[in-house]
Amino acid sequence: MTRSDPRRRIPRTDHLLADPEIATAARRLGEQAVRGVVRDVQESARRGDVDPDDVLGVIRETLVRRRVGTGRSVLNATGVVVHTNLGRAPLSTAARDAVLDACGYVDVELDLESGTRSRRGVATREALLRACPAAGDALMVNNGAAAMVLATTALAAGREVVISRGEMIEIGAGFRLTDLIESTGARLREIGTTNRTHLRDYAAALADGDVGCVLKVHPSNYRVSGFTAEATIAELAELTASQGVPLIADLGSGLLVPDAALPDEPDASSALAAGADLVIASGDKLLGGPQAGILLGDADLVGRLSKHPLARAVRADKLALAAMEATLVGPLPPVAEYLHADNGRLRQRAEAVTARVGEGVNVVPHDGRVGGGGAPGVPLPGWAIALPEQTAKALRVGTPAVLARVHDGVCLVDLRCIPETDDEILAEAVAHALGVVRVSGATG
Ligand SMILES: *Cc1c(COP(=O)(O)O)cnc(C)c1O
């Protein structure tokens, strides 16, 4: 290397690591990962691929874009409240704080008063029972599917699970409830037809079968209309009680009490009042909490499930328990807020963002959705900012990432599921994305 060799200008590792921005990145990503990036960029400079004077800038830029894992935060501008691809329910501030606190050592299985071991997650259980007093006991597990596996394994392995052909559902990503149930060793006893299943069909199955439980599933993501019939929970409860067979209601959506905005959506309190012995629901759909499966109902049944060996394999982790408790006892979670967002306010916000973005952009009526397989076909009337279709991609890959809805060749930005405090950031993101689209349009 001669004195004039440009490679002499490549900054030394210790100098680079002392740079405040790089040091901050090291706290976020770990020393080793940051050293790796520094080494790679220095190496590129030695090869002549990066100008030695640009080394610091290239390292900084690389580190800014590097994130831990896949949990990149996204502004949900789709109007879909429980968005499966965006991790379903966003947690409330109270739930986020509770998660942060629970990251350390916590009393998840300890009674601090007596110093002895306690049942896991007692506070969450109490919060569930307060929110749904109709339940004799409550158990939280990993997710709705885990709740279903635990219940059918404990109550019906080697025996029959009676289910209507009109309720044999497939949820997103090819997940079939029926496959899940059969994987537990229970036998499916399909009764009725796709559109009509009567109480007498259940009675016939109970009369001649070896039935572990009767399962009533809320077909959350589709509707059967026209010439239809089904037995209600109340009708079924009378029948199953007389035979001593447990009646399980899989509600999916997670409403604990009725919501006037969603009149057709079932809720745990009503299902239990109607006579279901056990209710199964997800924690991260309409309940607005963390991923969880909620089991509510008869104290003896819930006790049997809690003591089953499988319960250990599907148990909720301490972070989810903390988040669920805070969701139940704290302020309304974002899901509830977004579901009931005021139509006029949504329009005002959309117009305010539009005014900041500039010419050629208008606000149009737009229906939001419940999503997550809940309340199919129920529109949530609101407004969206209509943009050229290509803006959607620019918004997605921007910072922050914004997911809009593309419909009929238009990119629609719906503010329903965006916290009002983020409106300014959204306006900047939209303005930037429009700029990108206009420039790339101009140059072909
Ligand atoms: C969503 C849903 C499930 C599965 O719950 P997960 O929490 O996603 O595991 C089961 N049954 C019904 C009716 C559902 O809607």
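Per-chain numbering applies: the sequence of each chain, read as written, is numbered from 1 onward. Totals for whole chains, interfaces and linings use all residues, but because this is a predicted model, local features are given only for residues with pLDDT of at least 70 and pairs of side-chain atoms are given and counted only at 80 or more. Hydrogens and water are ignored here; the side-chain numbers use all heavy atoms of the structure.

In the annotation of an unreviewed UniProt entry, the entry for the protein reads L-seryl-tRNA(Sec) selenium transferase, and the organism field reads Gordonia jacobaea. As its UniProt record puts it under Subcellular location (unreviewed entry), the protein is described as follows: "Cytoplasm". UniProt positions are given in the numbering used here, feature names are shortened, and annotations may be inferred rather than shown by experiment. UniProt's Pathway (unreviewed entry) comment on the protein is quoted here verbatim: "Aminoacyl-tRNA biosynthesis; selenocysteinyl-tRNA(Sec) biosynthesis; selenocysteinyl-tRNA(Sec) from L-seryl-tRNA(Sec) (bacterial route): step 1/1."

This paragraph deals with helix α6 (residues 122-131). Because an α-helix completes one turn every 3.6 residues, residues spaced three or four positions apart along the sequence face the same direction. If you check which residues of α6 are buried, you get T124, A127, L128 and L129. Pairs of residues are marked as contacts when any of their non-hydrogen atoms sit within 4.5 Å. Helix and strand assignments come from DSSP, with helices taken as H or I runs of at least 4 residues and strands as E runs of at least 2, each series counted from the N terminus. Here the buried face of α6 lies against β5 (137-141), β13 (293-297) and α14 (318-329). Burial classes: relative accessible area under 20% of the type maximum marks a residue as buried, over 50% as exposed, and values in between as partly exposed (1.4 Å probe, protein chains only).

Centre distance and the angle of the planes are the two values used to describe a pair of aromatic rings. Each pair of aromatic rings taken from Phe, Tyr and Trp, with Trp reduced to its six-membered ring, is defined by centres within 6.5 Å and is described as stacked if the planes are under 30 degrees apart, edge-to-face if over 60, and tilted in the remaining cases. The full count for this structure, using the stated rule, is zero aromatic pairs. Positioned above the aromatic ring of F227, the side-chain terminus of R196 is 3.7 Å from the ring centre. Taking NZ or CZ as reference, R347 lies 4.1 Å from the ring centre of W383, over its face. Only when the NZ of Lys or the CZ of Arg is both within 6 Å of the ring centre and within 35 degrees of the ring normal is a charge said to sit over the ring.

One speaks of a salt bridge when a side-chain nitrogen belonging to Lys or Arg is within 4 Å of a carboxyl oxygen belonging to Asp or Glu. Enumeration according to the criterion identifies 26 salt bridges in this entry. Between D284 and R88 there is a salt bridge, with its nearest N and O atoms 3.0 Å apart. With a gap of 196 residues between them, D284 in the loop between β12 (278-282) and β13 and R88 in the loop between β2 (80-82) and α5 (93-102) connect regions that are remote in the sequence. Linked by salt bridges that have partners in common, E109, R117, R120 and R315 make up one network.

Turning our eyes to something else, we now look at the sheet that holds strand β9 (residues 187-191). Paired through their backbone hydrogen bonds, the strands of a sheet run either parallel or antiparallel. Two strands qualify as a pair provided DSSP detects at least 2 bridges between them. As summarised here, the arrangement of the seven strands in space is β5-β13-β12-β11-β10-β6-β9, forming an open sheet in which the pairing is mixed. Bordering the open sheet on either side are β5 and β9, each of which pairs with just one other strand. Adjacent strand axes in the sheet meet at a mean angle of 25° when their direction is disregarded. Across five bridges, strand β6 (residues 160-164) lies against β9 in parallel orientation. When the sheet's bridge partners are listed, I163 is paired in β9 with E190. Angles run from 0 to 180 degrees between N-to-C directions of axes, and those axes are lines fitted to C-alpha atoms, restricted for helices to the stretch in contact.

For the rest of this paragraph, the subject is the site of the ligand. We call a residue near a given molecule or strand whenever any one of its heavy atoms falls within 4 Å of it. The full set close to the ligand counts 13 residues, and A145, S220, D250, S282 and K285 are the nearest of them. Here an oxygen atom of the ligand sits 2.8 Å away from a polar atom, N or O, in the main chain of G144. One of the side-chain N or O atoms of S282 is found 2.7 Å from an oxygen atom in the ligand. Note on areas: Shrake-Rupley, 1.4 Å probe, and residue coverage restricted to the protein chains presented here. Starting from 380 Å² of accessible surface for the ligand in isolation, the protein chains cover 94%. Of all the secondary-structure elements, those providing two or more residues to the shell around the ligand are α7 (144-156) and β11 (247-252). Split by residue class, the shell around the ligand holds four nonpolar, six polar and three charged. Whenever a nitrogen or oxygen atom comes within 3.5 Å of another N or O atom, the pair is scored as a polar contact, on the condition that within protein one atom can donate a hydrogen and the other can accept it, and that pairs from neighbouring residues in sequence are kept only if both atoms are in side chains. By the convention adopted, Pro, Cys, Tyr, Trp, Phe, Met, Ile, Leu, Val and Ala count as nonpolar, Lys, Arg, Asp and Glu as charged, and the other residues, Gly among them, as polar.

Moving on, we get to the domain arrangement of the protein. Many structure descriptions define interface size as the accessible area lost when the parts assemble. Considered domain by domain, the protein is made up of domain 1 (8-63), domain 2 (74-83 + 336-440) and domain 3 (92-330). The distance between the C-alpha centroids of domain 2 and domain 3 comes to 34 Å. Each partner contributes residues to the interface: domain 2 has eleven residues there, and domain 3 has eleven residues. With both sides pooled, the region where domain 2 packs onto domain 3 buries about 900 Å², and carbon together with sulfur makes up 64% of that total. Area buried by domain 2 at its contact with domain 3 is led by V82, G373 and P376, which between them contribute 42% of it. Remark: the boundary between domain 2 and domain 3 carries zero salt bridges. Class assignment of the residues belonging to the side of domain 2 that touches domain 3 gives a composition of six nonpolar, five polar and no charged. Domain extents, as shown, originate in an automatic or database domain assignment. Accessible-area loss on putting two parts together, using a 1.4 Å probe and summing over both, is the definition of buried area adopted here.

Read across the open sheet, the six strands follow the order β1-β16-β17-β15-β14-β2; overall the sheet is mixed. Both outer strands of the open sheet, β1 (74-77) and β2, are each paired with one neighbouring strand and no more. Averaged over all adjacent pairs, the angle separating strand axes in this sheet is 40°, with direction ignored. In this sheet, strand β16 (residues 401-407) lies alongside β1 in parallel orientation, the contact comprising four bridges. Residue pairing for β16: V74 is matched across the bridge by A401. This element, helix α16 (residues 343-357), spans β14 (362-371) and β15 (380-388) of the sheet and lies at about 15° to β15.

Another aspect to go through is the layout of surface pockets. Here a cavity means grid points, on a 1 Å grid over the protein atoms only, where a 1.4 Å probe fits yet cannot get out; a pocket means an open set of points with protein on both sides within 12 Å along at least five of seven lines; lining residues are those with an atom within 4 Å of a point. Grid points are joined across faces, edges and corners, and a volume is the space filled by probe spheres set on the points. Size it by volume and the largest pocket reaches roughly 960 Å³. Taken together, 34 residues make up the lining of the largest pocket; nearest its centre are L86, A89, P90, L91 and R96. Among the secondary structure elements, those contributing two or more residues to the lining of the largest pocket are β1, α5 and α15 (334-339). Looking at the lining of the largest pocket residue by residue, the class counts come to 18 nonpolar, ten polar and six charged.

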